[in-house]
Amino acid sequence: MDPDALRDALNRWVEEDVIDESTAARIRAFETSETEFESDDAGEDGLLGDRRVVVALALMGGALIAVGVGTFLLERWESIPVGLRALVLLGVPLAATGGAVRLGDRSPRTAHGLWLLAALFTGVTLFQLAELFSIADMEGVDAWLWLAWAAVAIGIGSGLDSRPVTVVGVAVGLGAIAAAVPGNAFLVAGFYGGIVYAAGVLTDVTLPEAGDEATTEASPTRFAGTLRWVGGAFAVSVIAAIGVSGSPPPITDDPGTVAIAGAAAVAGVVAVARSWRSERARYAAAPAIAAPASLGIAWALGGVGLDEVVVAVVGLACLLGLLLALVVAAVGLREAALVNVATLGFVLGVGAFLVGPVADVTSGPLALVAAGLVLLGAGLGAERGRREVLSRMG
């Protein structure tokens, strides 16, 4: 069993009183000894005996191949016959997929790198084929190409339960939303983060449906966890940026932004409704509501006409509310990634507040000294807070 999945499963089973701590300790010791025996038997001592290093090497290999092939084709594109171009564009992702399927059982980490290659090069294939057959300039085609790429990457990430491929899929999904939804790209990215977080709650098989018992025999998926921390990071980044500028995007009747904001709110409500009768699931769903609510409040400030410092203070309060929800979710789910997002968001948010509006109303040297002292205090508080949260998570 994968060590990360085993650790998460044991923590959850102990929390749900399925097993006691002593039994969990014996399971950890047994699995550790089995892993060490397998590594010794295969001669995988030292650096290459670490599974994470092997995964990193495979993923780097897949990414470098995608970049290398793409660069090679770009440099020689005009000199390659049209038929050969189409063959190469289709052949690379298909060959990577075939190799990943063939190596899946014997060398799963190498197969992981090939799946990443397939996910990345799918975008090159789609856009270049559209260019090759003169359909790239048709209205609305870009959005469909982005959407198809995102669907392939997210499908691979979900099926493989892969963090890196899921991150690629979510990032490409943002491109699809930006191309399909005419609106304020800044706000769209934030509300999209709320939707992605809610999807991380709704796709997690370890969280019970309303009224059901938790599925304690299932291991937490990396796919759902990645959706949660990436979505949270998007929303946190946008709200922190409002603190820098002190001037939120203006209120408009733009249908695209309103639609994506409404979708984020609906996704949050659905996530909470699904999780209402389980305490652990409610913890997980808290940011799904906090993200669109915080962004909505910050956006609404654009139509009030308040002073920049006041707007920044309210923006900082919205950010802190979202960070609190992320910490609550991190404790309930025992996910360190959410703690890291909240910690980074806290430091960046406070720093943005000081560098932006506060610096404009004080003298330069005084602002620098005050900002330095506050940032040191914020860093110290964030570090201690992170340790405290992680210690409570066990």
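Every chain is numbered independently, its residues counted from 1 as its sequence is written. At least 70 in pLDDT is required for a residue's local features to be given in this predicted model, at least 80 for side-chain atom pairs to be given and counted, and no such filter applies to totals for whole chains, interfaces and linings, which use all residues. The basis for the side-chain values is all heavy atoms of the structure; hydrogens and waters are excluded.

Draft legend 1. Summary view of the overall build of the protein. Across its full length, the protein holds 14 helices and 0 strands. Only DSSP runs of H or I reaching four residues or more are called helices, and only runs of E reaching two or more are called strands; each is numbered from the N terminus. Listing each helix as α and each strand as β along the protein from the N terminus yields α-α-α-α-α-α-α-α-α-α-α-α-α-α. Relative accessibility thresholds used throughout: buried, under 20% of the residue-type maximum; exposed, over 50%; partly exposed, between the two (1.4 Å probe, protein chains only). Among the 394 residues that make up the protein, the fraction classed as buried is 41%. Should any heavy atoms of two residues lie within 4.5 Å, those residues are counted as being in contact. For the protein, contacts bridging at least 24 residues in sequence account for 73% of all contacts bridging at least 6. Note on areas: Shrake-Rupley with a 1.4 Å probe; residue coverage comes only from the protein chains shown. As displayed, the protein has an accessible area near 19500 Å², and 66% of this comes from carbon and sulfur atoms.

Draft legend 2. Main features of the pattern of salt bridges. By definition here, a salt bridge exists when the distance from a side-chain nitrogen of Lys or Arg to a carboxyl oxygen of Asp or Glu is within 4 Å. The tally for this structure, following the rule as stated, stands at 2 salt bridges. Notably, a salt bridge pairs Arg228 with Asp204, separated by 3.0 Å at the nearest N-O pair. Taken together, the residues span a long stretch of sequence, with Arg228 in helix α9 (residues 222–245) and Asp204 in the loop between α8 (185–202) and α9 at a distance of 24 residues. Neither residue differs from the other here; Arg228 and Asp204 are each classed as buried. Between Glu335 and Arg228 there is a salt bridge whose closest N-O contact spans 2.3 Å. Residue Glu335 is found in the loop between α12 (308–333) and α13 (336–360), and its partner Arg228 is found in helix α9; the two are separated by 107 residues along the sequence.

Draft legend 3. Spatial organisation of helix α7 (residues 163–180). Multiplying 1.5 Å by the residue count of a helix minus one yields the expected span of that helix. Over its 18 residues, α7 runs 25 Å from end to end, which matches the ideal 26 Å to within 8%, given 1.5 Å per residue. All buried positions along α7 are accounted for by Val165, Thr166, Val168, Gly169, Val170, Val172, Gly173, Gly175 and Ala176. One side-chain oxygen at the N-terminal end of α7 lies 3.3 Å from the backbone nitrogen of Val165; it belongs to Ser162. Here a polar contact is taken to be a pair of N or O atoms separated by no more than 3.5 Å, where protein atoms must pair a possible hydrogen donor with a possible acceptor and residues adjacent in sequence count only if both atoms sit in side chains.

Draft legend 4. Spotlight on the nonpolar core. Put simply, buried Ala, Val, Leu, Ile, Met, Phe, Trp, Tyr and Cys residues joined by side-chain atoms within 4.5 Å make one nonpolar core. In terms of nonpolar packing, the biggest core is built from 39 residues, with Phe191, Tyr197, Val236, Leu319, Leu322, Leu326 and Leu338 touching the most fellow members. When residues of this core are traced back to their parent elements, those giving at least two are α8, α9, α10 (255–275), α11 (279–300), α12 and α13. Ranked by the residues each element gives to this core, the list is headed by α12, at 10 residues. Leaving out residues up to four positions away in the same chain, Leu338 has contacts with Tyr197, Arg228, Trp229, Leu326, Ala329, Ala330 and Leu333.

Draft legend 5. Structural detail: unusual backbone geometry. In this model, Ser134 sits at a positive phi of 60°, which is unusual for a non-glycine residue. Along the chain, Ser134 falls in the loop between α5 (108–132) and α6 (141–160). Given a relative accessible area of 63%, Ser134 falls into the exposed group. Phi at Asp161 takes a positive value of approximately 55°, unusual for a residue other than glycine. Along the chain, Asp161 falls in the loop between α6 and α7.

Draft legend 6. Examining the packing of α5 against α6 more closely. Angular values range over 0 to 180 degrees, each being the angle between N-to-C directions of two axes fitted as lines to C-alpha atoms, with helices fitted over their stretch in contact. Between α5 and α6, the least distance of the axes is 10 Å, while the angle of their chain directions is 170°. Here α6 runs roughly antiparallel to α5, going by the angle between their axes. Residues His112, Trp115, Ala119, Leu120, Thr122, Gly123, Leu126, Phe127 and Ala130 of α5 form the contact with α6, whose own contacting residues are Asp142, Leu145, Trp146, Ala148, Trp149, Val152, Ala153, Ile156 and Leu160. Of the residues in the contact of α5 with α6, the class split is 14 nonpolar, 3 polar and 1 charged. Each angle is binned into one of four classes, with values under 35 degrees roughly parallel, values over 145 roughly antiparallel, values of 65 to 115 roughly perpendicular, and all other values oblique. Throughout, the ten residues Ala, Val, Leu, Ile, Met, Phe, Trp, Tyr, Cys and Pro are labelled nonpolar, Asp, Glu, Lys and Arg are labelled charged, and all others, Gly among them, are labelled polar.

Draft legend 7. Structural detail: the environment of Thr125. Secondary-structure assignment places Thr125 in helix α5. Setting aside residues no more than four positions away along its own chain, Thr125 makes contact with Leu89, Leu90 and Pro93.

Draft legend 8. View of the packing of α6 against α7. Running from amino to carboxyl end, α6 crosses α7 at an angle of 160°, the nearest separation of the two axes being 8 Å. For the element pair α6 / α7, the angle class is roughly antiparallel. When the axes of α6 and α7 are compared, the crossing they make is left-handed. For the pair α6 and α7, the contacting residues are Ala143, Trp146, Leu147, Trp149, Ala150, Ala153, Ile154, Ile156 and Gly157 in the first and Val165, Thr166, Val168, Gly169, Val170, Val172, Gly173, Gly175, Ala176, Ala179 and Ala180 in the second. Here the residues of the contact of α6 with α7 sort into 15 nonpolar, 5 polar and no charged. Whether a crossing is left-handed or right-handed is set by the direction in which the near helix is turned from the far one by less than a right angle, anticlockwise for left-handed and clockwise for right-handed.

Draft legend 9. Structural view of the environment of Val167. Following the sequence through the fold, Val167 ends up in helix α7. Counting along the chain gives 64 residues from Val167 to Gly231, while the straight-line C-alpha distance between them is 9.9 Å. Residue contacts for Val167: discarding those within four places in its chain leaves Thr226, Trp229 and Val230.

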